[in-house]
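Now for the letters of each chain:
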Amino acid sequence: MSGESNLQRAVQTLSQVPFFADLPTSLQTEVAKRAHRRCYQNGEAVFWEGDPCQGLYVVEQGWLKAVKLSPAGREQVLHFLGPGETFNALSVFTVTPNPATVIALEPSTVWLLEREMMLQLLDQYPKLARLVIQNLAQRLLHMLSLVEDISLRTVEARLARFLLEKASGETINRRRWATQAEMAARLGTVPDVLNRALRKLADEGLIEVARHQIRILDTAGLEQKSKGA
């Protein structure tokens, strides 16, 4: 890929990210010139928890997951990351090591914006700083919701809530990597327990499970199930 084509892809990617969408086009181009393109294959780590922070990452294409890993190898999925999303902002702006591990779920392309450049941009553009604060606040709310789910809700309730959040209309289309193991890691359980919860929701007529799709049959019933303790 030529340097000019690379630059165009970087500008296009950054222009779709809330952090950078309202910056002057000339500044978007300057930021893009200093962005580093990285490609990862399925299962490859972008970085590991505890490694020194290199900067802010922007997803151009593909899907990745941010996870915490136990010493025994069990993982808790914190977030699934798709095109147009940023990650590692917390580490960039608090000057701390990477707080989690990020792994590609499929062939993915990301852009790395070095930390020093991001800190300089915050100093120059207060509006960007406000957007960063909003993003970090949203991530904090997401973490609080995750803690509440795992601590206070049953697996069935967590699953019901997850399905309602991910549904487009009445269906949840499952990507090739969205296995029961991945769903279980997101919900803080193990595949066998998740499988039983899926079967129970299906037996109660709330959902219909196919290989690559889950269809919601009873939204009101699923909402009621999501409130269970």
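As a reminder, the structure under discussion sits directly above these lines.
All of these numbers come straight from a predicted model, not from anything done at the bench. (Residues numbered from 1 in each chain as written. Predicted model: local features only at pLDDT ≥ 70, side-chain atom pairs only at ≥ 80, totals over all residues. Heavy atoms only, no water.)

> How should I be thinking about the overall build of the protein chain in this particular structure?
Scanning the protein chain from terminus to terminus reveals 10 helices and 11 strands. Rg of the C-alpha trace for the protein chain: 19 Å, near the compact-globule value of 17 Å for 229 residues, within the 12% margin. Dimensions along the principal axes, computed over C-alpha positions, put the protein chain at roughly 55 × 35 × 30 Å. Counting the 229 residues in the protein chain, one finds 43% classified as buried. (Helix = DSSP H or I, 4+ residues; strand = E, 2+ residues; numbered from the N terminus. Rg over C-alpha atoms; globule rule 2.2 N^0.38 Å. Buried < 20%, exposed > 50% of the residue type's maximum accessible area, 1.4 Å probe, protein only.)

> Looking at this structure, how should I read the pattern of salt bridges?
Opposite charge on two side chains allows them to pair when their charged atoms are near. Scanning the model with the defined rule gives 12 salt bridges in all. With its nearest N and O atoms 2.2 Å apart, the salt bridge here joins Glu60 to Arg9. With Glu60 in strand S3 (residues 55-61) and Arg9 in helix H1 (residues 3-15), the pair connects residues that are 51 residues apart, well separated along the chain. Through salt bridges with shared partners, one network takes in Glu156, Lys200, Glu204 and Lys225. (Salt bridge = Lys/Arg side-chain N within 4 Å of Asp/Glu carboxyl O.)

> Would you mind going over the packing of aromatic side chains with me for this structure?
Centre-to-centre distance and the angle between the planes together describe a pair of aromatic rings. Taken as a whole and assessed by the stated rule, the structure comprises six aromatic pairs. Summarising the aromatic geometry, the rings of Phe80 and Trp177 are spaced 5.1 Å apart at their centres and angled 45° between planes, so their arrangement reads as tilted. With Phe80 in strand S5 (residues 75-81) and Trp177 in the loop between strand S9 (171-173) and helix H8 (180-187), this residue pair connects regions lying 97 residues apart in the sequence. Side by side, Phe80 and Trp177 carry an identical accessibility label, which is buried. (Phe/Tyr/Trp six-rings, centres within 6.5 Å; stacked < 30°, edge-to-face > 60°.)

> When you look at helix H7 (residues 155-166) in this model, what are you seeing that I'm missing?
An α-helix turns once every 3.6 residues. As a result, residues three or four positions apart point the same way. Along its 12 residues, H7 runs 16 Å from first to last C-alpha, staying within 8% of the 16 Å computed at 1.5 Å per residue. All of the buried residues along H7 are Val155, Glu156, Ala157, Arg158, Leu159, Ala160, Phe162 and Leu163. (Expected span 1.5 Å × (residues − 1).)

> Help me understand the nonpolar core in this model?
For soluble globular proteins, the rule of thumb is that nonpolar side chains tend to be buried together. Formed by 25 residues in total, the largest nonpolar core has its most connected members in Phe20, Leu56, Leu113, Met118 and Leu121. Listing elements by their share of this core, those giving two or more residues are H1, helix H2 (18-21), helix H3 (25-33), S3, helix H4 (89-94), strand S8 (108-114), helix H5 (115-124) and helix H6 (126-152). Among the elements that make up this core, the one with the highest residue count is H5 (four residues). The contact partners of Leu56, leaving out residues within four places of it in the chain, are Phe19, Phe20, Thr86, Phe87, Asn88, Ala89, Val92, Trp111, Leu112, Leu113 and Met118. Counting residues in each nonpolar core, the second largest holds 18 residues, with Phe162, Leu198, Leu201 and Ile207 among its members. (Core = buried A, V, L, I, M, F, W, Y, C linked by side-chain atoms within 4.5 Å. Contact = heavy atoms within 4.5 Å.)

> Explain the sheet that holds strand S10 (residues 207-209) to me, please; I cannot follow it from the model alone.
Strand order across the open sheet formed by three strands is S9-S11-S10, with antiparallel pairing between neighbours. Looking at strand neighbours, the two that pair on one side only are S9 and S10, the edges of this open sheet. Averaged over all neighbouring strand pairs, the angle between strand axes comes to 15°, with direction disregarded. (Pairing = 2+ DSSP bridges. Axes fitted to C-alpha atoms, helices over the stretch in contact; angles between N-to-C directions.)

> Teacher, can you tell me more about the pairing of strand S4 (residues 64-69) here?
Look at any regular strand and the pattern is simple: side chains alternate between the two faces of the sheet. In this sheet, S5 lies alongside S4 in antiparallel orientation, the contact comprising six bridges. Across the sheet, Ala66 pairs through a bridge with His79, a residue of S5. Hairpin connection, S4 to S5: the antiparallel pair is bridged by five residues, and Gly73 has positive phi, about 100°.

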